[in-house]
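Secondary and tertiary structure notes
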Amino acid sequence: MSIESLLEDFAFLDDWEDRYRYVIELGKGLAPLSEAEHNSETKVQGCVSQVWLVSEVAEEQGKITVLFRGDSDAHIVKGLIAILLEMYSGKSPEEILAIDAKEVFSKLGLDEHLSPQRSNGLYSMVNRARADATAAIAGAQPA
């Protein structure tokens, strides 16, 4: 799935009740994190719900990419993680830093349909992904 297909899917759904259900369904598709990965280093600060974001730097044929996996104790937040992973995972650090998350969330309508607390948490996840991309550029292994 790509951001473009997410945009198409969101446009197809008539109301926000259906869109919320779709976001929750996206979250159900996340690969689970191990118990050991649910720790203070991977926990994202600034989220009301508990959120863990694991990132790994991969290098193949000289190209560096950052792979993300995540989890939350809240169904809707798991769906937001799935959207975030679609935006960032498997991309180069430079591509990650070039993505305008606010624009993507605006196109999806998330900026106007999430509570302020959920929006703050979502941007905490974005900031964490961007920090991990910056660390990958500097040659450090992100959390």
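Everything numeric here is computed off the predicted structure, so don't read it as measured data.

Attention shifts here to the nonpolar core. Note on soluble globular proteins: their nonpolar side chains tend to be buried together. Among the nonpolar cores identified, the biggest contains 39 residues, and Ile83, Tyr88, Leu110 and Met125 are the most heavily contacted of them. When contributions to this core are tallied by element, the ones reaching two or more residues are α1 (3-12), α2 (16-28), β1 (51-60), β2 (63-72), α3 (75-88), α5 (101-108) and α7 (116-138). Take this core: its biggest share by element is ten residues, from α3. Sequence-distant contacts of Met125, that is, excluding residues within four places in its chain, are made with Val44, Cys47, Val51, Leu53, Val77, Leu80, Ile81 and Leu84.

Time to look at the packing of α5 against α7. The relative placement of two packed helices is expressed as an angle between their axes plus a distance between the axes. α7 packs onto α5 with a crossing angle of 140° between their chain directions and a minimal axis gap of 11 Å. The angle between α5 and α7 falls in the class oblique. The handedness of the crossing between α5 and α7 comes out as right-handed. Facing α5, whose interface residues are Ala101, Lys102 and Phe105, α7 presents Leu122, Tyr123 and Val126. The residue inventory of the contact of α5 with α7, partitioned by class, reads five nonpolar, no polar and one charged.

Attention now goes to the pairing of β1. In the case of a regular strand, side chains alternate between the two sheet surfaces. Bridging between β1 and β2 involves ten bridges; their strand directions are antiparallel. Residue pairing in the sheet places Val57 in a bridge with Val66 of β2. Hairpin connection from β1 to β2: two residues lie between these consecutive antiparallel strands, with Gln61 at a positive phi of about 50°.

Let us now look at α2. In a regular helix each residue adds 1.5 Å, so 13 residues correspond to 18 Å; α2 covers 18 Å between its end C-alpha atoms and thus fits that length. Among the residues of α2, those classed as buried are Trp16, Arg19, Tyr22, Val23, Leu26 and Gly27. All buried residues of α2 lie within an arc of 145° about the axis, which places them on one face of the element. Elements that come into contact with the buried residues of α2 comprise α1, α3, α5 and α6 (110-113). Of the residues that open α2, the one with a side-chain oxygen 3.2 Å from the backbone nitrogen of Glu17 is Asp15.

Right, let's talk about the environment of Ser40 for a bit. The residue Ser40 is located in the loop between α2 and β1 in this model. Of the residues examined, Ser40 reaches a relative accessible area of 64% and is grouped as exposed. Expressed as a C-alpha distance, the spacing of Ser40 and Trp52, which sit twelve residues apart in the sequence, is 8.5 Å.

For the structure shown, the criterion picks out eight salt bridges. Between Asp18 and Arg21 there is a salt bridge whose closest N-O contact spans 2.6 Å. Pair noted here: Asp18 and Arg21 are both in helix α2, with a separation of three residues, about one helical turn. For Asp18, a relative accessible area of 25% corresponds to the partly exposed category. Looking at Arg21, the relative accessible area reads 45%, which means it is partly exposed. Its salt-bridge partner being Arg69, residue Glu56 comes within 3.4 Å of it at the nearest N-O pair. Of this pair, Glu56 sits in strand β1 while Arg69 sits in strand β2; the two residues are 13 residues apart in sequence, bridging distant segments of the chain. By relative accessible area, Glu56 is classed as partly exposed at 35%. The partly exposed category is assigned to Arg69, whose relative accessible area is 24%. A cluster of three or more residues bridged by salt bridges with shared partners is formed by Glu17, Asp18 and Arg21.

Rules used in this analysis
Residues numbered from 1 in each chain as written. Predicted model: local features only at pLDDT ≥ 70, side-chain atom pairs only at ≥ 80, totals over all residues. Heavy atoms only, no water. Core = buried A, V, L, I, M, F, W, Y, C linked by side-chain atoms within 4.5 Å. Buried < 20%, exposed > 50% of the residue type's maximum accessible area, 1.4 Å probe, protein only. Helix = DSSP H or I, 4+ residues; strand = E, 2+ residues; numbered from the N terminus. Contact = heavy atoms within 4.5 Å. Axes fitted to C-alpha atoms, helices over the stretch in contact; angles between N-to-C directions. Parallel < 35°, antiparallel > 145°, perpendicular 65-115°, else oblique. Left-handed = near helix turned anticlockwise from the far one by under 90°. Nonpolar A, V, L, I, M, F, W, Y, C, P; charged D, E, K, R; others polar. Pairing = 2+ DSSP bridges. Expected span 1.5 Å × (residues − 1). Arc of directions from axis to C-beta. Polar contact = N/O pair within 3.5 Å; in protein donor to acceptor, adjacent residues only side chain to side chain. Salt bridge = Lys/Arg side-chain N within 4 Å of Asp/Glu carboxyl O.

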